[in-house]
Amino acid sequence: MIINSEEKSGHVNNERLNAYSLTGIGIGGVIGAGFLLGSSLAINQAGPSVIIAFLLGGMIMSQVLGAMTSITINRTSPRSFRVYIEEFLGPFSGALIGWMVLVSGILTLSSEALASGTFLRYWFPNLSISVFALLILLFVIGINALGKSGFGYIETAMAMIKIAVLLIFIVLGGLFLFTKGIPLTPNLFSSFNTVFPKGILGLLQSMLIVIFTFSGISAVAMAAPEVKEPRREIPKATVLTTLGIVFLYVASMMVIVSLVRWNTINTDVSPFVLAFSKMGISWASVMMNLIILVAAVSVMIATYYTCSRMLVSLSKTGQAPALFKNATPKGFYKNAWILVAISTFLILGMSFILGSKLFNYLVSASSYFSFLNWSINLITFIVWLKHRSNEENYVSPLIWGRFGAYGTLGAIILLSVVSLRVEDFRIGFYIAIIILIIFTSLYFLLKNKKKLLI
């Protein structure tokens, strides 16, 4: 889920947030189909060592979250982190992050739609995932045409449901393993080769998808201006959010790889559904699939809204065509709504040719955008440390100062290079690079055109 806009996207209301409500926003914003289905790709790359991959992913996420909240707490104001990026790194970086978030959001919309189609196919196995995905997308587009009323309540409710379902899954899986033991032979944790069936390289290759499942964490930093007593509540919320997400992810992975052979898991069905089936709880697998479907749709609704509002924001700052900032008398940004719809339809149309492979490409392309997004956030933090005023003395306990920022940047670069060994990830990388080249070319062409006109 992408949260990175100047606009309030329904996550918060007029009431001030405390540490626990901000934690709910953070955890709810992170958990989506990227984890509930996309984790299959990470498991397939790493095997049981995916547990370690999610621990490492949580560590990287905590550094990025710490960097963002360090600046936000010192400069609490209702605006996007993109404003700080532009202030410290220049207008190109600000425009880049805005368009990158927009494009990544559209890619996420498409991947979530395909995931939703996969969940629906659980009940209708003979029908096309692509058709289901288009139907789901039409529903999401229709909901967004009604405006943002009720978004906050929907997302809050779905966040609580997702957390509750994962906790139930972990408890039931833990009880099953405790009473009956690990059903797989040989024991997964008996040797290095069983934990790392593809070696350390497999673990590193899985990290691209692991990072993608954490990408919605910026919701915490974006909601910071709505927090009462930010210096007291936000540090508490960031620690609770980090621990909560890492626990849910790691414990879920432990249950899944202990019940289902890692090399039989793919994106045709959620690994959570497979795990419930292995426990012999057929009704739970049906319930899990239904809740995952609803959760994915709720993420799509919020992501669609955020994409359209980011386009409006870019238009208002002169970084997108002016027609997208025009609203109807009722405040509906019709042109932005239409462009997001057309873009997502065009991407989904390719699924009729590429099939389920498109999900892999979309998730990996969006993951590289997450890598770039996080890198820019970390660089902004490093520059801020150098230029901050004496009053800006708060630094989040999550980040290990400059060392943590530089170390995390190095890890991101290493993981990006290693991930290119996987064919599907390489295609996602090429897609991301092409989009970045197109954006950069258009940005400087328009910039030079404006200079000539002046």
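What counts and what doesn't
- Residues numbered from 1 in each chain as written.
- Predicted model: local features only at pLDDT ≥ 70, side-chain atom pairs only at ≥ 80, totals over all residues.
- Heavy atoms only, no water.
- Core = buried A, V, L, I, M, F, W, Y, C linked by side-chain atoms within 4.5 Å.
- Buried < 20%, exposed > 50% of the residue type's maximum accessible area, 1.4 Å probe, protein only.
- Contact = heavy atoms within 4.5 Å.
- Axes fitted to C-alpha atoms, helices over the stretch in contact; angles between N-to-C directions.
- Helix = DSSP H or I, 4+ residues; strand = E, 2+ residues; numbered from the N terminus.
- Parallel < 35°, antiparallel > 145°, perpendicular 65-115°, else oblique.
- Left-handed = near helix turned anticlockwise from the far one by under 90°.
- Nonpolar A, V, L, I, M, F, W, Y, C, P; charged D, E, K, R; others polar.
- Salt bridge = Lys/Arg side-chain N within 4 Å of Asp/Glu carboxyl O.
- Phe/Tyr/Trp six-rings, centres within 6.5 Å; stacked < 30°, edge-to-face > 60°.
- Lys NZ or Arg CZ within 6 Å of the ring centre and 35° of its normal.

### Quick look at the nonpolar core
Working step 1: Counting residues in each nonpolar core, the largest one holds 143 residues, and the members touching the most others are Phe54, Phe169, Met253, Phe272 and Trp374.
Working step 2: Once residues within four sequence positions are removed from consideration, phenylalanine 54 is found in contact with Phe35, Ser39, Val210, Thr213, Phe214, Tyr249, Val250 and Met253.

### Some words on the packing of helix H17 (residues 357–387) against helix H18 (residues 401–419)
For any two helices packed against each other, one specifies the inter-axial angle together with the distance between the axes.
Working step 1: Running from N to C, H17 and H18 cross one another at 160 degrees; their axes reach a closest spacing of 10 Å. Viewed along their axes, H17 and H18 adopt a mutual orientation that is roughly antiparallel. The crossing of H17 and H18 is left-handed. For the pair H17 and H18, the contacting residues are Tyr368, Phe371, Trp374, Ser375, Leu378, Ile379, Phe381, Ile382, Leu385 and Lys386 in the first and Gly401, Arg402, Ala405, Tyr406, Thr408, Leu409, Ile412, Leu415, Ser416 and Ser419 in the second.
Working step 2: Broken down by class, the residue content of the contact of H17 with H18 amounts to 13 nonpolar, 5 polar and 2 charged.

### Considerations on the pattern of salt bridges
Working step 1: As enumerated under the stated definition, the model contains 2 salt bridges in all.
Working step 2: Of the charged contacts in the structure, one is a salt bridge between arginine 232 and glutamate 233, with a shortest N-O distance of 2.9 Å.
Working step 3: Owing to a relative accessible area of 5%, glutamate 233 belongs among the buried residues under this scheme.
Working step 4: Between aspartate 424 and lysine 357 there is a salt bridge whose closest N-O contact spans 3.1 Å.

### Focus on the packing of aromatic side chains
Working step 1: Taken as a whole, this structure holds 22 aromatic pairs when the rule is applied.
Working step 2: Measuring from centroid to centroid gives 5.4 Å for phenylalanine 54 and tyrosine 249, while their planes differ by 80 degrees, and the two rings are edge-to-face. Of this pair, phenylalanine 54 sits in helix H4 (residues 50–74) while tyrosine 249 sits in helix H12 (residues 230–259), placing them 195 residues apart in sequence.
Working step 3: Given the relative accessible area of 0%, phenylalanine 54 is considered buried.
Working step 4: Relative to phenylalanine 429, the ring of tyrosine 368 lies with its centre 5.2 Å away and its plane at 70 degrees, an arrangement referred to as edge-to-face. In this pair, tyrosine 368 sits in helix H17 while phenylalanine 429 sits in helix H19 (residues 423–453), placing the two residues 61 residues apart along the sequence.
Working step 5: Its relative accessible area of 7% is what places tyrosine 368 among the buried residues.
Working step 6: The class for phenylalanine 429 is partly exposed, based on a relative accessible area of 24%.
Working step 7: Linked through ring pairs, Phe35, Phe54, Phe169, Phe214, Tyr249, Phe272 and Phe276 together constitute an aromatic cluster.
Working step 8: Here the basic side chain of arginine 388 rests over the ring of tryptophan 384, its NZ or CZ set 5.2 Å away from the ring centre.

### Re the packing of H4 against helix H10 (residues 199–213)
Working step 1: Direction vectors running N to C along H4 and H10 enclose 55 degrees, while the axes themselves pass 9 Å from each other. When the axes of H4 and H10 are compared, the pair comes out oblique. Pair H4 / H10 crosses with right-handed handedness. The residues of H10 that touch H4, namely those facing Ile52, Ala53, Phe54, Leu56, Gly57 and Ile60, are Leu203, Ser206, Met207, Val210, Ile211 and Thr213.
Working step 2: Considering only residue class, the contact of H4 with H10 consists of 9 nonpolar, 3 polar and no charged.

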